[in-house]
Amino acid sequence: MIEILNPAKVARARVTGALVAEILQTMKERAVVGTNLLEIDAWTKEMIEAAGAESCYVDYAPSFGSGPFGHYICTGVNDAVLHGLPHDYRLADGDLLSLDLAVVKDGIAADSALSFVVGKSRPPESVALIEATERALEAAIEAARPDARLGDISHAIGTVLTEAGYSVNTEFGGHGIGSTMHQDPHVANQGRPGRGFKLRPGLMLALEPWVMADTDELTVDPDGWTLRSSTGCRTAHSEHTVVITDDGNEVLTRRRG
Ligand code: MF3
Ligand code: CO
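Computed from a prediction, not measured in an experiment: that's the story for all the values here. (Residues numbered from 1 in each chain as written. Chains lettered and ligands numbered in written order. Predicted model: local features only at pLDDT ≥ 70, side-chain atom pairs only at ≥ 80, totals over all residues. Heavy atoms only, no water.)

Draft legend 1. Representation of the packing of helix α3 (residues 124-143) against helix α4 (residues 150-163) in the model. At a minimum axis distance of 8 Å, the contact between α3 and α4 shows a crossing angle of 155 degrees. On the basis of the axis angle, α3 is roughly antiparallel to α4. Considering how the two elements wind past one another, α3 and α4 form a crossing that is right-handed. Contacts from Ala-132, Thr-133, Arg-135, Ala-136, Ala-139, Ala-140 and Ala-143 of α3 reach α4 at Asp-152, Ile-153, Ala-156, Ile-157, Val-160 and Leu-161. Of the residues belonging to the contact of α3 with α4, the class tally is 10 nonpolar, one polar and two charged. (Axes fitted to C-alpha atoms, helices over the stretch in contact; angles between N-to-C directions. Helix = DSSP H or I, 4+ residues; strand = E, 2+ residues; numbered from the N terminus. Parallel < 35°, antiparallel > 145°, perpendicular 65-115°, else oblique. Left-handed = near helix turned anticlockwise from the far one by under 90°. Contact = heavy atoms within 4.5 Å. Nonpolar A, V, L, I, M, F, W, Y, C, P; charged D, E, K, R; others polar.)

Draft legend 2. Inspection of the sheet that holds strand β14 (residues 248-251) at higher detail. The strand order across the open sheet formed by five strands is β7-β6-β8-β13-β14, and the pairing between neighbours is antiparallel. Each edge of the sheet is formed by a strand with only one pairing partner; in this case those strands are β7 (183-187) and β14. Between one strand axis and the next, the sheet turns by 30 degrees as a mean value, whatever way the strands run. Pairing analysis gives three bridges linking strand β6 (residues 174-176) to β7, with the strands arranged antiparallel. Following the sheet pairing, Gly-176 is matched in β7 by Gln-183. Lying on the sheet, α4 is in contact with β7 and β8 (204-207); it crosses β7 at an angle near 45 degrees. (Pairing = 2+ DSSP bridges.)

Draft legend 3. Structural context of α4. Relative to the 20 Å expected for 14 residues at 1.5 Å per residue, α4 spans 20 Å between its end C-alpha atoms, a close match to the ideal helical length. Along α4, the residues classified as buried are Leu-150, Gly-151, Ile-153, Ser-154, Ala-156, Ile-157, Gly-158, Val-160 and Leu-161. Tucked into the core, α4 has its buried residues touching α3, β7, β8 and β9 (210-212). Trailing α4 by a residue or two, Gly-165 shows a phi angle of about 100 degrees, which is positive. (Expected span 1.5 Å × (residues − 1). Buried < 20%, exposed > 50% of the residue type's maximum accessible area, 1.4 Å probe, protein only.)

Draft legend 4. Highlighting the side chain of Ser-98. Secondary-structure assignment places Ser-98 in strand β4 (residues 96-105). When its relative accessible area of 4% is taken as the criterion, Ser-98 is described as buried. A polar contact of 2.7 Å, which involves the side chain of Ser-98, links it to the side chain of Ser-115. In this view, Ser-98 contacts Cys-74, Thr-75, Gly-76, Val-81, Leu-114, Ser-115, Thr-235, Ala-236 and His-237; residues no more than four positions away in its chain are not counted. (Polar contact = N/O pair within 3.5 Å; in protein donor to acceptor, adjacent residues only side chain to side chain.)

Draft legend 5. Spotlight on the pattern of salt bridges. In total, this model carries eight salt bridges according to the counting rule given. Arg-254 is the partner of Glu-138 in a salt bridge, and the nearest nitrogen-oxygen pair spans 2.9 Å. Remark: Arg-254 occurs in the segment after β14 and Glu-138 occurs in helix α3; sequence separation between them is 116 residues. Between Arg-228 and Asp-221 there is a salt bridge, with its nearest N and O atoms 2.7 Å apart. On the accessibility criterion, Asp-221 (17% relative accessible area) is buried. Via salt bridges that share partners, Asp-79, Asp-221 and Arg-228 belong to a single interconnected network. (Salt bridge = Lys/Arg side-chain N within 4 Å of Asp/Glu carboxyl O.)

Read these as geometric descriptors, not functional statements.
So this is what it looks like as structure tokens:
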């Protein structure tokens, strides 16, 4: 089902989006050398609850995972790129950390992800991966207009990632979002311009380019959730929730930092 939000629901989506942005910004600031992934999970839980919101993850049991996720945020370190299950691990200088968070508040969800390097070192390969997903996300946002089609967004993402020298995996991508986190339509991270569903005001989408340095193949951990590059190479992921408006879109999960 494709959900179209009325203006009252868009107003609520702004509140949820701002909350997701604030939690992610806070976790980015707290994720320093020595921080344990389980601390990030616990802090996220506290912030979600303090805001009167609910996790979209803790009870989530989709076909692509194994049982309920059981945690509040996805934490992917280095080669772990999607659905990273928080576990007992302390961050080290130079770790590439991807955080992905979705919550629902007053019946409306928002979903966002970011990647960054922990500590002081700036490994060039990691910086390039992160910047490629951020550029692809901005290109996707640019393409998300009421006169465009889904394929225009997919094409925008795929073009940036491909031109940056990466091959694109299309098993997981963006998605519709509204009263629940994962809805139709699927937004592939590669596609043909001018094809697919016509965008329209009130459609809310989570756009999420992600990339792996030297492969397009994923492997799943024994935990049944964490997806990592099959070669062990580094990976990155950037995501925002946007709503299509009459003359373009509004990004609901922009961070202040
Ligand atoms: N928020 C992720 C996405 O961007 C999905 C995480 S699902 C979970 O679509 F179960 F792993 F939490
Ligand atoms: Co998402």
